[in-house]
Amino acid sequence: MKRLKQHVIWGQRGSFILAATGSAVGLGNIWKFPYITGENGGGAFVLMYLCCILLIGMPIMMAEILMGRRARANPILATAELCEAAKVSKGWTIIGWMGALAGLVILSFYTVIAGWTLEYLSGALQGQFDGLTGESSQALFDGLLANTDQMLQWHTLFTAMTVVILALGVSRGLESSVRFMMPMLFVLLLVLLGYAMMEGEFVTSLRFMFSFNPQDLSWEAALIAMGHSFFTLSLGMGAIMAYGAYMPSNQSVGHTVMMVALLDALVALVAGVAIFAFVFATPGISAGSGPGLMFVTLPVAFGNMSAGLVVGSVFFVMVMLAAWTSTISLLEPGVAYLNERFGLHRVLASLLLGMIAWTMGLGSIWSFNDWAEKPFLWGKTWFDSMDFIATNIMLPLGGVLIALFVGWKLRDEHLLHELKYESSWLLRWWRPVLRYISPVAVLIVLINGIFPVLR
Ligand code: PHE
Ligand code: NA
């Protein structure tokens, strides 16, 4: 397979970990994880989620990094080259193609929600949350959802922010931005945690997040936890594979994966604890409030606490950074492909793909107003269809294929050179889990995602 460009390698220590953590930590941690934890009963769900990260997420993340680093190419060319090396059917290249496509699909609706956080950031800075009640907050959110122009403006801005970083290139764009944005994100998260400890219902929140009730263990919650472990670690679509191509050869993949998974889980848990500490400290609002937790419930908490203006602004800056470092990883596989395969300049490649995702995003914006009653697939709105196709079908399918490909098709001689720096206990565990446990578990998620009848 032809390749025009030689790959850059991120020289600075920690760049890969920061970039992969940047991809992993996103709306999935700060927006989705807290509310699905709230809906599924707290502690028991957190425990299931952590098990899934360990048994499904980490082995597959390791497989993705190894593939990318072994081939030192974007996911499409990487799978093609590995197929050639291992002498297996070219059909496995579907991993790369579906991944790049999934990136576009996810990006198209992710920037819409990320756009809401920009609107809320500007609202927080202007003191709009002051004295909000449950009803007035809901009205504020409904007002945004009804306002196509406003959503379009933020969606456009967020897509443009993403394109700019990608256009700047692998070192000056991706590497520099994560080296600046990730430390800042961690600092802001610690500020929020500190404030939640001092002013929030911290202990109640801890008890909610970590007290374990066996009756909350359910099949349904386990499936949600499995699916989420995938989304939260950015697996199944080549984002981590694309970054793996830039990882220095002498770094241990196993240690890196443990670090990224740990940081991703920590951010989700700390964000959850802080959010619930604020919510429990505000009378009259409840924790299990679904997707509206961040956009309806939390602003009420900000509007009724001392220093709410600062805390609210800090919070939404943090969410913006988290989402931004994720959106760039969604587009990188496609941009790297166009650049390496056809020599298309990264500026053009990112503009082109950014415009495609932006256009698909229009349907997601209208799904909240003009198209709210218009079913697209399986009676779902455009937004829900995109989310369903990507999260319930493409990511798990990609994950199964990656686990099978690396677990069964790549023989040791193809990986040996990559595994020099791994500890032997890790290798002893990794292969069998990747061969037998991860694919079966992901297959169950996939089947369940497609046929909700099993629930
Ligand atoms: N991991 C990101 C989150 O938790 C979402 C994402 C998925 C990003 C797939 C890139 C690729 O929000
Ligand atoms: Na995540």
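Look a little higher up for the structure.
Values in this document were obtained by computation on a predicted structure and should not be read as measured data. (Residues numbered from 1 in each chain as written. Chains lettered and ligands numbered in written order. Predicted model: local features only at pLDDT ≥ 70, side-chain atom pairs only at ≥ 80, totals over all residues. Heavy atoms only, no water.)

Remarks on helix α3 (residues 43-71)
Right, on to step 1. End to end, α3 covers 41 Å across 29 residues, agreeing with the expected 42 Å (1.5 Å per residue, within 8%).
Right, on to step 2. For α3, the principal kink sits at I53 and spans about 40°.
Right, on to step 3. Counted residue by residue, α3 has 23 buried out of 29 residues, so it is predominantly covered.
Right, on to step 4. Following α3 by one or two positions, R72 has its phi on the positive side, about 50°. (Helix = DSSP H or I, 4+ residues; strand = E, 2+ residues; numbered from the N terminus. Expected span 1.5 Å × (residues − 1). Bend = angle between axes of the 7 residues up to and from the residue. Buried < 20%, exposed > 50% of the residue type's maximum accessible area, 1.4 Å probe, protein only.)

Looking at the nonpolar core
Right, on to step 1. Among the nonpolar cores identified, the biggest contains 167 residues, and F278, F315, F405 and V406 are the most heavily contacted of them.
Right, on to step 2. Excluding residues that lie within four positions of it along the chain, F405 makes contacts with M67, L82, C83, V88, W92, I95 and L410. (Core = buried A, V, L, I, M, F, W, Y, C linked by side-chain atoms within 4.5 Å. Contact = heavy atoms within 4.5 Å.)

Structural notes on the packing of helix α5 (residues 94-125) against helix α7 (residues 148-168)
The geometry of a pair of packed helices is captured by two quantities: the angle between their axes and the separation between those axes.
Right, on to step 1. Running from N to C, α5 and α7 point in directions that differ by 110°, and their axes come no closer than 7 Å. In terms of their interaxial angle, α5 and α7 are classed as roughly perpendicular. Relative to α7, α5 is oriented so that their crossing is right-handed. Side by side, α5 and α7 meet where L107, S108, T111, V112, A114, G115, W116, L118, E119 and S122 of the first sit next to Q150, M151, W154, H155, L157, F158, T159, M161 and T162 of the second.
Right, on to step 2. Across the contact of α5 with α7, the residue classes tally to 10 nonpolar, eight polar and one charged. (Axes fitted to C-alpha atoms, helices over the stretch in contact; angles between N-to-C directions. Parallel < 35°, antiparallel > 145°, perpendicular 65-115°, else oblique. Left-handed = near helix turned anticlockwise from the far one by under 90°. Nonpolar A, V, L, I, M, F, W, Y, C, P; charged D, E, K, R; others polar.)

Points about the coordination of the sodium ion (ligand 2)
Around a metal, the perfect tetrahedron of four donors has angles of 109.5 degrees, and the perfect octahedron of six donors has angles of 90 or 180 degrees.
Right, on to step 1. Every protein donor of the sodium ion (ligand 2) is accounted for by A24 (O), N29 (OD1), T232 (O), T232 (OG1) and D264 (OD), and the metal-donor separations fall at 2.1 to 2.8 Å.
Right, on to step 2. Here the donor residues of the sodium ion (ligand 2) share one chain and are spaced in sequence as A-x4-N-x202-T-x31-D. Placement of the pair is A24 in helix α1 (residues 15-24) and T232 in helix α10 (residues 219-232), with a sequence separation of 208 residues. Comparing A24 with T232, the two get one shared label, buried. (Donors = N, O, S within 2.8 Å, 3.2 Å for Na, K, Ca; no water.)

A closer look at the site of ligand 1
Right, on to step 1. Taken together, 14 residues are adjacent to ligand 1, and A24, G28, Y110, F231 and S234 come closest.
Right, on to step 2. Y110 is positioned with one of its side-chain polar atoms (N or O) 2.6 Å from an oxygen atom of ligand 1.
Right, on to step 3. With respect to ligand 1, the side chain of S234 contributes an N or O atom lying 3.0 Å from a nitrogen atom.
Right, on to step 4. The set of elements that each furnish at least two residues to the shell around ligand 1 consists of α1, α2 (27-39), α10 and α14 (308-342).
Right, on to step 5. For the shell around ligand 1, the residue count by class is six nonpolar, eight polar and no charged. (Near = heavy atom within 4 Å. Polar contact = N/O pair within 3.5 Å; in protein donor to acceptor, adjacent residues only side chain to side chain.)

Concerning the pattern of salt bridges
Right, on to step 1. On inspection of all chains with the given rule, the structure shows two salt bridges.
Right, on to step 2. Across the pair E84 and K90 runs a salt bridge, and its minimum N-O distance is 3.3 Å.
Right, on to step 3. What makes E84 partly exposed here is its relative accessible area of 45%.
Right, on to step 4. Judged by its relative accessible area of 44%, K90 falls in the partly exposed class.
Right, on to step 5. Of the charged contacts in the structure, one is a salt bridge between E332 and R346, with a shortest N-O distance of 2.7 Å. Of the two residues, E332 is situated in helix α14 and R346 in helix α15 (residues 346-366); the sequence distance between them amounts to 14 residues. Judged on exposure class, the residue E332 and its partner R346 are both buried. (Salt bridge = Lys/Arg side-chain N within 4 Å of Asp/Glu carboxyl O.)

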